[in-house]
Amino acid sequence: MGIEDASMRNGRALSDQWADSVVVRPRTTEQHITVNKRLVLGFAISILTLIIVTAIAITLSVSFERCAAESSGALAANGSSNSKWKQSRNTNISYRDSEDGQQPWRHLRLPATLRPRHYDLRLSVYMENFTFSGEVHIEFECVHSTKLIVLHTDRLEVDKVLVYSDSKKAGVMRIQRRFHYQPKQVYVIALHREMKPLRTYKINITFHAHIEHELLGFFRSSYVLNGERRFLAVTQFSPTHARKAFPCFDEPIYKATFRVSLKHESSYQSLSNMPVEASMSDEDGWVTNHFSRTPRMSTYYLAWAVCNFTYREAVTDSGVVIRLYARPDAIQSGSGDYALHITKRLLQFYQDYFKVKYSLPKLDLLAVPKHPYAAMENWGLSVFVEQKILLDPDVSSFSYQMELTMVVVHEICHQWFGDLVTPVWWEDVWLKEGFAHYFEYIGTDFLFPKWNMEKQRFLTDVLHEVMLLDGLASSHPISQEVFEATDIDRVFDWIAYKKGAALIRMLANVMGQPLFQRGLNDYLMTHMYGNAARDDLWNKFSEAMQREGKDINITQVMDRWTLQMGYPVVTISKNDSLDNSVTISQEHFVYDTDAKIQNPELFNKSFQWQIPLTLAVGNSSHISTETIIWVSNKTETHRVGHMGGETWLLGNINQTGYFRVNYDLHNWRLLIQQLMTNSTIISVGNRAGLIDDVFNLARAGYLPQNVPLQMISYLSQETEFLPWHAASRALYQLDKLLDRTEDHSLFSVSLISDQFAVCCILTLTSAIRNTRLISSSTELQREVMMLACSFGNKHCHRQAVSLISDWISSNKNRIPPNVRDIVYCTGVSLMDEDVWEFIWMKFHSSTAISEKKVLLEALTCSDNIFLLNRLLNLSLTSDLVPDQDVIDVIIHVGRNPLGRHLAWRYFREKWDILNSRYGEALFMNSKLISGVTEFLNTEAELNELKEFILTSGGESAPAFARAVEIVQANVKWHILFQQQFYRWLRKAPDG
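- An unreviewed UniProt entry annotates the protein chain as Aminopeptidase of Cyprinus carpio carpio.
- Listed under Catalytic activity (unreviewed entry) in UniProt, the entry text for the protein chain is "Release of the N-terminal pyroglutamyl group from pGlu-|-His-Xaa tripeptides and pGlu-|-His-Xaa-Gly tetrapeptides."
- Database annotation for the protein chain, UniProt heading Subcellular location (unreviewed entry): "Membrane".

This is the structure:
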C-alpha cells in the first residue's frame, strides 16, 4: 500500500530555502531492540524520543553544512558535451553525474538516471471556468541507481504522488520527501530506498491547473459565431511547455509512447495526435475520448484540443485520413479546401522523395484564431493560426496564397524532420527547422512548378535576407550551445531557419540531388522514432558520397559552416601575368569592420571556411561552363580558362553557395557593361545575386557607393521579376536610411522613370481583366508598381486614388486582389481621414482572414500622427486584432517615415505590456524588437535605444544587441557615406 504521511503532504510546497537543504543521504541501518515492555515501557518511550530528537538535530546540521559548502562551490548547470551525447544516442541516456552529495534539480538538464517508456495521461477539461485536472501514469526504466525522481512541472498544482515498483518486490515505494523547484521548473521526489538499474517502475501523479490565456502550454482562445462568443482550448508545447500541462520528462531525448484520454462536456469535441479508439458518454452530459497509443515521440510533439469546430476530409491513396478543422463558418465557406487539397498531395510527395512512409493513420490540420507562431507541427495534429491556413480565393492575393502554401509545406515536412527523427538537443534545432524551411521551396515547386521557388524566390527571400542578419558582429553559429533554459527559445531564430536552409541547399548542390536524397533516406531510416545530431546527418551524406567514389568528408566541410558564426566574402582578382590565373581570397564578412578592432576576443579566431566556389568566364556574347574550385586557404591562386582584356569573371553560379563574391573594380565595370548591353548572358539568379552583393558590399565599405546605382541603371531593360525584387529590397533599405534627410527627394526622383509609369498602368489594367494572375510578368509589374507608388510616381498615385474613390462611391471593391495592399496603402497615405475610417470599418466587417490583414496594414500608411497613434492603441486593446498582427501593426507604423519615432516611443512606453504578452514567445519578441528599431538612424535615437535597454533590463537579450549594432551601422553610414552618395546623384547623368 502507498504510504504518504502528513509530513510528506506538508512538504510538497517547500520553499527554495528548504530545497537547498535537501541532499541525498546514505541509508542508515535500522536497529531492532527487544525489551520487556511491561517493565520498561515508559523508560523506553523516553529514550526513544531522545534518540529521535538527537538524530533529527544531527541530520539537519549536516544538511545545512553540506548546503553551505555546495553554495560556496557554486554548482554549475550541467551542459553535455558532444561526446557524451554520442553515448546518449546509443543508450538513449547518459549518466552525467554521481548523485552522492549533488542536487540534480539545480541543473539545466534532467539527471540521466531514468528513462520514460510510456505515459498514460487522463485529463478532465472544464471549459466553463478554464481549468483542468489530470492524472498521469508514467512507466520508466532505471538506468543508474538513484533515490530521486526529477521531472518537469510548471504552473501545475500536484495533489498526490505514488511510486510503484514492478520488480520482484512489487508494490508502493515509500516517499521520503517531494517538492517543486521553480527555478528549473522541476518536481523532485526523494524515495526512501534506491531504484535499481534495468528495473521498471511507475509513478502516478494527480494534478490540476488553469487553462491559460497566455498562448503557451494548454491555453484558451475564442471567436465569434453568429454574434455568440465561443471558446476553445489547445496546446502549444514546443519547446519547453509540455510541463505546463502535465508532469513529464520534458526534453527531446526522452522519447516515449503516449495514450491520452480527454473528458469534457459533450457540446465540445476533442482531438489529439492519434484517432479516437473509444468514446464513452456519461449521463451528466460529459464524454470521454480515449485516443490510440502514439509511436515513440518527444513530449513537445504531444498535442490535444477541445473545441466545437467542424471539418472537411480527404483520404490519400495509402489510406491516410486528412481532416481540416476550423470555425464552422470558415469550413462552410470553403476557406480550408485549398490547404486540405495541397496537404493530400504533399504527403505523397514527401513519401516518394524521402522513400519513407508517413507513420500515422491520420493527419489533422487545426486552424485556431490565436497562436504564438504561424503553425506547430505536432505529429498527427498540426496547429495553424488562421491567417496561415484559411484562404478565400475571391479576395486572397497571389502573395498570400504563396505564403500560406509555404507554411503548409513546412509543417508537413516536419512530420519526417522533427516528428519522426528529432534533434538530440536544442543546439541542433536547425536540423529540423532548416530542412523544413528548405523544403518549403522544394515542396512548393512540386505543387506549382511555374512558380520557380527554389531557383529564384529562395535567393531573395531566404539567402539574401539571412545574410543581412548573419553579417552582423552580434550573430552566432547555427549550432549554438544551450546553457540556460532561456537559451532554448533563442535558438529558434532566422539563423536556424534561413541559414540552415541555405547551407542545406548549398550541400544539395555540391552532392547532386540523387546522392542528397540517398543520404536523407539513410538518415531517416536509421534514426526513425529516435533522436539524431548533426554528425549523424553528415556521416550519412559522407557514406552516400563514398559509395559513388567521391571522397569528400562532409563533417570537415560542414563543421566550418555550422560551428562558426557568419560567412565569408570571396574576392576574385585577375592576375597581371599571362598564365590565365586568378587570386582568390576569403575573409569573414562583417558590416561593421570596426567590430574586429573593438572586439578582438571575438575576431581573433581564424575564421576560415571550405568553400565550394563555382566560377565561369564570360564576354559580351558567351559564358563558359562553370567549374568548381574548393577554396580552403585565406589566399589561393588558380588557373582558369582563357582571359582577354574584355573577359569578365563570375563567381557563385546561380548563388548556390552561402557567401558573397567581390571582384576588382575593373571586373565590376565589365559586369555592369555586360548587363547594359546583353544581360541575358548572365542567368536570372546571378543578376539578382550581383545586385544584392554589390549593395551590401558598398554598405560595408568594400566598394564605392556609386557602384550599386551604376549597376541597377540597367533595370529599365530588365524583364524578369527576380532582379527587380532584389533591387527593390536593396532600394527599400537605402530609402529608409535616407527618408528623413533634406535631400531625400533627390534620391526618390532619380528612381522615377517612364518605365515605372508605363508598368504601373499596365499592372492595373491587366490585373483588372484577370484578378488571379500569377505569372512572372505579373509579379514584375506588381514589383515595379510598388516601387513607383513608394517613390511618388504620379501615374501610380492617380490610379490608386481613382480605384479607392470608386470603391467608396459604389461600395463595390473592383481592386484586383494581387495589388490591393499597394492600392490601399497609397490611398490611405494620400487621401483624407474619411478614407482611413472607411478602411477601418471594412476591417471590422470583413470575414476573410487575408483581406483583414491587408486592410489592417493599410491603416499604418496614414500621414496623420493622430490616426497612427489611435491605431496603435486599438490594436493592443482590441480583441479584433490577433496577437501576431499587433506586432505587425507596430512594425509597419515604424516603417512609415512619419510614424517611425511614434512607433519607437510607443514601443518603449508599452514595453512592460508587450514583454509580458510575448516574453516567452521569444521569436515574436525578437521580431518586434528588430522591426521597431531597424530603421532608427540618428545619434539621438541610438542613445535612446541604449538608455532604454539599460532601464528595461534587456542587456542580455540578443535581439537588443543586434538592434544596437544595426542602429550604430545606420548612424555610421550617414557619417561616412551620405554626402558622398548625394554628390554622386547630383553628378549622375540622369540625376
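Having seen it, we continue.
**So, the overall build of the protein chain**
So, point 1. The number of helices and strands found in the protein chain is 34 helices and 29 strands.
So, point 2. Taking all 991 residues of the protein chain together, 59% fall into the buried category.
So, point 3. For the protein chain, the proportion of contacts with a sequence separation of at least 24, taken over those separated by at least 6, is 72%.
So, point 4. When the accessible surface of the protein chain is split by element, carbon and sulfur atoms take 52% of a total near 39900 Å².

**A look at the nonpolar core**
So, point 1. Judged by nonpolar contacts, the single largest core of 233 residues is most densely connected at F246, F354 and W416.
So, point 2. Broken down by element, the residue count for this core peaks at eleven residues, all from helix α11 (residues 494-511).
So, point 3. Leaving out residues up to four positions away in the same chain, F354 has contacts with C413, W416, F417, F439, L520, N521 and L524.

**A closer look at the pattern of salt bridges**
So, point 1. Under the defined criterion, the tally for this structure stands at 52 salt bridges.
So, point 2. The salt bridge partner of D885 is K853, with a shortest N-O separation of 3.2 Å. Of this pair, D885 sits in helix α29 (residues 883-895) while K853 sits in helix α27 (residues 849-859), and the two are 32 residues apart along the sequence.
So, point 3. Overall, the relative accessible area of 7% leaves D885 in the buried class.
So, point 4. On the basis of relative accessible area, K853 is assigned to the buried category, the value being 16%.
So, point 5. Among the ionic pairs, R908 bridges to E944, the shortest N-O distance being 3.8 Å. One end of the pair, R908, is in helix α30 (residues 900-909); the other, E944, is in helix α33 (residues 939-952), with 36 residues separating them in the sequence.
So, point 6. Judged by its relative accessible area of 23%, E944 falls in the partly exposed class.
So, point 7. Here the residues in one salt-bridge network are K853, E857, D885, D888 and K927, joined through shared partners.

**Considerations on the UniProt feature "site: Transition state stabilizer" (unreviewed entry) in the protein chain**
So, point 1. What UniProt calls "site: Transition state stabilizer" (unreviewed entry) maps, in this numbering, to Y497.
So, point 2. As for its placement among the helices and strands, Y497 is situated in helix α11.
So, point 3. For Y497, a relative accessible area of 14% translates into the label buried.

**Quick word on the side chain of E141**
So, point 1. The topology assignment puts E141 in strand β2 (residues 131-142).
So, point 2. Judged by relative accessible area, which is 8%, E141 ranks as buried.
So, point 3. In this structure the side chain of E141 is engaged in a polar contact, spanning 2.6 Å, whose partner is the side chain of R115.
So, point 4. Within the structure, the side chain of E141 is placed 3.4 Å from the side chain of R117, a separation counted as a polar contact.
So, point 5. Ignoring sequence-local partners within four residues, the contact set of E141 consists of T113, L114, R115, R117, L198, R199 and T200.

**Brief notes about the packing of aromatic side chains**
So, point 1. Per the counting criterion, the structure on display carries 68 aromatic pairs.
So, point 2. Centre to centre, the rings of Y350 and F439 are 6.1 Å apart; their planes meet at 70°, and the pair counts as edge-to-face. Here the residue Y350 occupies a position in helix α6 (residues 337-354), and F439 occupies one in helix α8 (residues 430-447), the gap between them amounting to 89 residues. Per residue, the accessibility class of Y350 equals that of F439, and both read buried.
So, point 3. Measuring from ring centre to ring centre gives 5.9 Å for F354 and W416, while their planes differ by 55°; the resulting arrangement is tilted. Here F354, found in helix α6, pairs with W416, found in the loop between α7 (398-413) and β21 (421-423); they are 62 residues apart in sequence, far enough to count as distant. As far as burial versus exposure is concerned, F354 and W416 are alike and both buried.
So, point 4. Over the ring of F446 we find R345, and its NZ or CZ is 5.1 Å from the ring centre.

**Quick look at the sheet that holds strand β8 (residues 200-210)**
Within a sheet, neighbouring strands are paired by backbone hydrogen bonds and run either parallel or antiparallel to one another.
So, point 1. In spatial order, the strands read β5-β4-β8-β2-β1-β11-β14-β13; together these eight strands make up an open sheet with mixed pairing. The open sheet is flanked by β5 (171-173) and β13 (276-281), the only strands paired with a single partner. Ignoring strand direction, the axes of neighbouring strands in this sheet form an average angle of 20°.
So, point 2. Sheet topology places strand β4 (residues 157-165) next to β8; eight bridges connect them, and they run antiparallel. Along β8, the bridge assignment pairs Y164 with K202.

**Here we look at the state of the cysteines**
So, point 1. Throughout the structure, instances matching the rule amount to two disulfides.
So, point 2. Each sulfur in the disulfide pair C789 and C796 lies 1.4 Å from the other.
So, point 3. Exposure remark for C789: the relative accessible area of 8% places this residue in the buried category.
So, point 4. Shown here is the disulfide that connects C825 with C861, its sulfur atoms set 2.0 Å apart. Because the sign of the S-S torsion sets the handedness, a value of about -105° for the bond joining C825 and C861 places this disulfide among the left-handed ones. Here C825 is found in helix α25 (residues 820-830), whereas its partner C861 is found in the loop between α27 and α28 (865-877), with 36 residues between them in sequence.

**Re the environment of A339**
So, point 1. With respect to the element layout, A339 can be found in helix α6.
So, point 2. A339 gets classed as buried once you look at its relative accessible area, which sits at 0%.
So, point 3. In this structure, the C-alpha to C-alpha distance between A339 and I389, residues 50 residues apart in sequence, is 6.1 Å.
So, point 4. With residues near it in sequence (within four places) discarded, A339 still touches L324, L365, I389 and V408.

**Focus: the pairing of strand β17 (residues 321-326)**
So, point 1. Relative to β17, strand β16 (residues 310-315) runs antiparallel, the two sharing six bridges. Bridging from a neighbouring strand, Y311 pairs with Y325 of β17.
So, point 2. Linking two consecutive strands that pair antiparallel, namely β16 and β17, is a turn of five residues; a positive phi of about 95° is found at G319 within it.
So, point 3. In this structure, β17 lies alongside strand β18 (residues 362-368), joined through five bridges in parallel fashion. What sits directly across from I322, in β18, is L363.

**Digging into the UniProt feature "binding site: Zn(2+)" (unreviewed entry) in the protein chain**
So, point 1. The UniProt record marks H410, H414 and E433 with the feature "binding site: Zn(2+)" (unreviewed entry), using the residue numbering of this structure. A maximum C-alpha distance of 8.6 Å is found for the annotated residues, which run over 24 residues; spatially they form one tight group.
So, point 2. In this fold, H414 is placed in the loop between α7 and β21.
So, point 3. A residue is classified by how much of its surface remains accessible, and H414, at 0% relative accessible area, is buried.

Rules used in this analysis
- Residues numbered from 1 in each chain as written.
- Predicted model: local features only at pLDDT ≥ 70, side-chain atom pairs only at ≥ 80, totals over all residues.
- Heavy atoms only, no water.
- UniProt positions renumbered as here; feature names shortened; annotations may be inferred.
- Helix = DSSP H or I, 4+ residues; strand = E, 2+ residues; numbered from the N terminus.
- Buried < 20%, exposed > 50% of the residue type's maximum accessible area, 1.4 Å probe, protein only.
- Contact = heavy atoms within 4.5 Å.
- Areas by Shrake-Rupley, 256 points an atom, 1.4 Å probe, with all protein chains shown as cover.
- Core = buried A, V, L, I, M, F, W, Y, C linked by side-chain atoms within 4.5 Å.
- Salt bridge = Lys/Arg side-chain N within 4 Å of Asp/Glu carboxyl O.
- Polar contact = N/O pair within 3.5 Å; in protein donor to acceptor, adjacent residues only side chain to side chain.
- Phe/Tyr/Trp six-rings, centres within 6.5 Å; stacked < 30°, edge-to-face > 60°.
- Lys NZ or Arg CZ within 6 Å of the ring centre and 35° of its normal.
- Pairing = 2+ DSSP bridges.
- Axes fitted to C-alpha atoms, helices over the stretch in contact; angles between N-to-C directions.
- Disulfide = S-S within 2.5 Å.

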